[in-house]
Amino acid sequence: MSDGLARLAAGAGLELDWRRPDEAAASCPEAEFADRVTELAGSAVLADLFATTATGPAQLTAVLQLVSDPSWLLLSAELAGVTFPSLTPRLHAASWYEREIFEMHGLLPEGHPAPGPLRLHDWPEEHHPMRPRAGGVARLPHPPHVPKWPAVTGQGVFQFPLGPVRSGPQEAAEFHFSSGGEDIVALGLRLGFKYRAIERLAQGQPAERALQLAERLAGTSGFANGLAFTRAVERALGVTVTQVSEHTRALLAELERLHSHWGTIGRLAESTGLLVGAAQYGLLKEEALRAAGRLTGHRYLRGALRIGGLELELGPSARRQLRAQLDGWRERATGLGRLLEDTSTFQDRLDTTALLSPEYAREHNLVGPVGRASGIDRDTRRDHPYAAYSEVLFDVPSRAAGDAAARFQVHVAESTQSLRIMAQLLDDWPADAGPAPAPQWHSGSALGWAEAPGGETLHFVELDPVGRVARWRARPPAVVNWHPFAHACGSGNNLTDYPVIEASFAISPAEFDR
Amino acid sequence: MSRWLTRGLRSGVRTTRFPDPGEAGEEGAASSVRLRWQALAPAQALVAARDCPTTAIEASGTESVGEMRFDAGACIMCGRCSRAFPEAFTAAPDPRVSVLQRDRLRATVRWSAGEPLAPAALHEVAVAVRRKAHRLFGRSLHIRHVDAGSCNGCESELQQLASPYVDLQRLGLFFTPTPRHADALLVTGVVTRNLRSALLATYAAMPAPKLVVAAGACAISCGSFAGGPMTVGPLDRLLPVDAYVPGCPPTPQALLHGLLLAIGRASERANVLEEASDGA
């Protein structure tokens, strides 16, 4: 149990219910919720804010993360009506969470400056996808009118729409530039095209089956999201996992980070017109994907996870084969990273592009390489160790500059660290202790987390007595990191910088839309 | 710049010769599951159907009499069936899995008194249509990709098509940013409510004659998301589809085979059934 969290709760007058040594729950009356969360957010990080309407009375839950003394606090408040006082005027990081609560559950944050929808386009106003239809719900509040795009008008300002069908094989999202010619004056962002209602689809499914939805939340972070979901279910059931499984999970998660990061760096090289660089990283990414395919039978590691362990074992020869590749990869990736740093046509495009100041990043609680490039030194692998991460040595690279160049450097440095972690795991492989017993299904709820390639992913899962999903809330890193995107584009960049900006953020619309 | 040149040259030629014979299956993983129906008992079919997360395996009947419907177009490669019954469900890394007709991905196996009956005959391929497509597009094809609600797995593999390992341009295939210049529409994803009109507008903007390729389990059958409140697919409910590329996601070589198949430059290897004597 965490002393820091106990002190914090005592200061706020909250009674803690310790569900696990590192996870406590507390509740407070609806009227006090906003004050309590704002107060706690001074010393803890507001990692998520979500509503639950599927399993009883409507309820708000704030997830607060204590880094100094690793622990999580889930603060909940039951709502009597369909409105609640908005946190956004005092806590900017709550803004998009509250918009999502409104569109998905029909609970209106009163006092929110712009509570319009993020994901739903042309959707009947009274219907909210996550809210159960049955049971005679009272008439829900209608959304205040929100303009579709930021209105920047004036002489010489023209509008330039892009998407949802864009050039090349890219994901669907819509961008609306206001420009005076070269500069981006403002960017309007429209996401939600790919909203597949994953969390809603999972409701009522056995957790083992819902896992394949978690793995398909986003292509290049499927394993990390699947792992966070699996861990949430395992924590809810009180299942412990064998050491071999923990090692394998960490190894596969790092392999996913490698192919994802190498893909990101390759796209950055491509965005500056450096095609040889893009091709070189394309080779590295393909080799990592093939290694994943040989190890697990799936290039994106899908189907490898199981609640309580893994579906597969990595034999000694498979491990040796992977270990033999690591040194060559490190040598090539380090050389290429250095070569990119020395290439002026590449660096000039990245320097001071899409600046995010450390203050801005802190205010929005940014995660992953985007946050770490703006001075936020946080990484769940180090701060809240899971799988086998407490048994290996690694650095968490961070930069203070906050531009595209810093994000590039963080990606390069992180891929080197991933190789370092993989080598340690493979060199110190634990003895097989036999298969883990099958999990005993019962009701429960818990938080699970993992460090996806794009940053911290947080999954809250509530199970019913036979192990079906009653409520699943996924907060992948894209939910946090799309928020500053428009701001970063608008701060003194040109239209030609746009491909560089998007590549440097490395966030997927699918992971946001879900 | 000269350092980049020497580095590029030092890497040598890494490109596969696929679709030339003998160059397939170096990608480390399979794009589709094939069925050896002789090696499956009805009781096993019932278990496989229970564990299948999509509609790829559906079975009815008892321990000795029954029927199993297998649909490789709905398979998301979760591996449950091939781990439980490796003799019957095989994930062979041959990327030549694309087909021209949706039914070619389906098979029905029936059992009577515990003995399997030979599966129903499969549809003939419309050869004449392929010849015409070959004449029109056989030399070069410009492809417009539309993401209709994927997980980004398909896009990640599509981006690998341009990597030196696959290099689709050596075959005269190009991605084009504008639908006005496109000969083929390559669609990934389940077709969400929010992307339906963008997809149809892109198709309408393409000049005739035009081909449509459905890539991945989502585009073919909605995969894991079938029946979801936001799913309006599968694709062939909205547009006429010329080739189906199964996989979750399809591997780069599988995508390449699907594109070449659509323009008559490759042929269907076989159907989803694999004879036990095949030796594969």
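Residues numbered from 1 in each chain as written. Chains lettered and ligands numbered in written order. Predicted model: local features only at pLDDT ≥ 70, side-chain atom pairs only at ≥ 80, totals over all residues.

Some thoughts on the overall build of chain A
Along chain A, the regular secondary structure elements total 18 helices and 15 strands. Compactness check: chain A gives a C-alpha radius of gyration of 23 Å against a globular reference of 24 Å for 514 residues, within 12% of the reference. Projected onto the principal axes, the alpha-carbon positions of chain A cover approximately 70 × 60 × 40 Å. Looking at the 514 residues of chain A, the share that counts as buried comes to 56%. (Helix = DSSP H or I, 4+ residues; strand = E, 2+ residues; numbered from the N terminus. Rg over C-alpha atoms; globule rule 2.2 N^0.38 Å. Buried ≥ 20, exposed ≤ 12 C-beta atoms within 10 Å, placed from the backbone.)

Things to note about the interface of chain B and chain A
Counting from both sides, the interface comprises 48 residues of chain B and, opposite them, 48 residues of chain A. Looking at the side of chain B that touches chain A, the elements with two or more residues in it are α1 (2–10), β7 (141–147), α5 (153–161) and α6 (196–205) of chain B. The biggest single contributor to the side of chain B that touches chain A is α5(B), with 6 residues. Split by residue class, the side of chain B that touches chain A holds 21 nonpolar, 20 polar and 7 charged. (Contact = placed C-beta atoms within 7 Å. Nonpolar A, V, L, I, M, F, W, Y, C, P; charged D, E, K, R; others polar.)

Some points on unusual backbone geometry
Trans is the common state for peptide bonds, and a negative phi is the common state for residues other than glycine. Residue and element names in this part refer to chain B. Cis rather than trans, the peptide bond between A208 and P209 has omega equal to -5 degrees. Tracing the chain through its elements places P209 in the loop between α6 and β10 (211–215). Although it is not a glycine, M77 sits at a positive phi angle of roughly 55 degrees. Position of M77 relative to the elements: it lies in the loop between β3 (66–71) and α3 (80–84). You will see that V191, though not glycine, has its phi angle at about 65 degrees, which is positive. As for its placement among the helices and strands, V191 is situated in the loop between β9 (184–188) and α6.

Notes on the packing of α5(B) against helix α8 (residues 252–262) of chain B
Residues and elements named next belong to chain B. At a minimum axis separation of 9 Å, α5 and α8 run at an interaxial angle of 75 degrees. By the criterion of interaxial angle, the relationship of α5 to α8 is roughly perpendicular. For the pair α5 and α8, contact is made by E157, L158, Q160 and L161 and by P252, L255 and L256, respectively. Of the residues belonging to the contact of α5 with α8, the class tally is 5 nonpolar, 1 polar and 1 charged. (Axes fitted to C-alpha atoms, helices over the stretch in contact; angles between N-to-C directions. Parallel < 35°, antiparallel > 145°, perpendicular 65-115°, else oblique.)

Looking at the nonpolar core
Counting 239 residues, the largest nonpolar core has L46(A), L64(A), V461(A), V187(B), V213(B) and A214(B) as the members making the most contacts within it. Contacts of V187(B), omitting those with residues within four sequence positions, involve V146(B), A148(B), L199(B), V212(B), A214(B), A215(B), A219(B) and L235(B). (Core = buried A, V, L, I, M, F, W, Y, C linked by C-beta atoms within 7 Å.)

Some remarks on α5(B)
Counted residue by residue, α5(B) has 9 buried out of 9 residues, so it is predominantly covered. When α5(B) is considered as a whole, its buried residues turn out to be G153(B), C154(B), E155(B), S156(B), E157(B), L158(B), Q159(B), Q160(B) and L161(B).

Observations regarding the sheet that holds strand β6 (residues 115–117) of chain B
The strands making up a sheet associate through hydrogen bonds between their backbones, and the pairing can be parallel or antiparallel. Residue and element names in this part refer to chain B. Strands sit in the order β2-β3-β5-β6 across an open sheet of 4 strands; the sheet is antiparallel. Two strands lie at the open edges of the sheet, namely β2 (57–61) and β6, each paired on one side alone. Put simply, the sheet's adjacent strands are angled 20 degrees from each other on average, direction ignored. As judged from the 5 bridges shared by β2 and β3, these two strands associate in the antiparallel manner. In the strand pairing of β3, I57 is matched with F70. Along the sheet, helix α2 (residues 42–51) contacts β2, β3 and β5 (106–112); its crossing angle with β2, the most-contacted strand, is approximately 130 degrees. (Pairing = 2+ DSSP bridges.)

What about the confidence of the model for chain B?
All names here are of chain B. Mean pLDDT over chain B stands at 83; residues scoring 70 or higher make up 89%. By mean pLDDT, the top-scoring element of chain B is β9 (94), and the lowest-scoring one is helix α4 (residues 127–137) (65). Note on residues 276–280: pLDDT under 50 across the span, and 5 contacts to partners over four residues away in sequence or across chains. As a predicted assembly, this complex carries a pTM of 0.92 together with an ipTM value of 0.89. (pLDDT = per-residue confidence, 0-100.)

Some thoughts on helix α6 (residues 222–237) of chain A
All names here are of chain A. For α6, with 16 residues, the first-to-last C-alpha span of 22 Å sits near the 22 Å given by 1.5 Å per residue. Within α6, 15 of the 16 residues are buried, leaving the element largely enclosed by the surrounding structure. G238, located one to two residues past α6, shows a positive phi value of around 75 degrees. (Expected span 1.5 Å × (residues − 1).)

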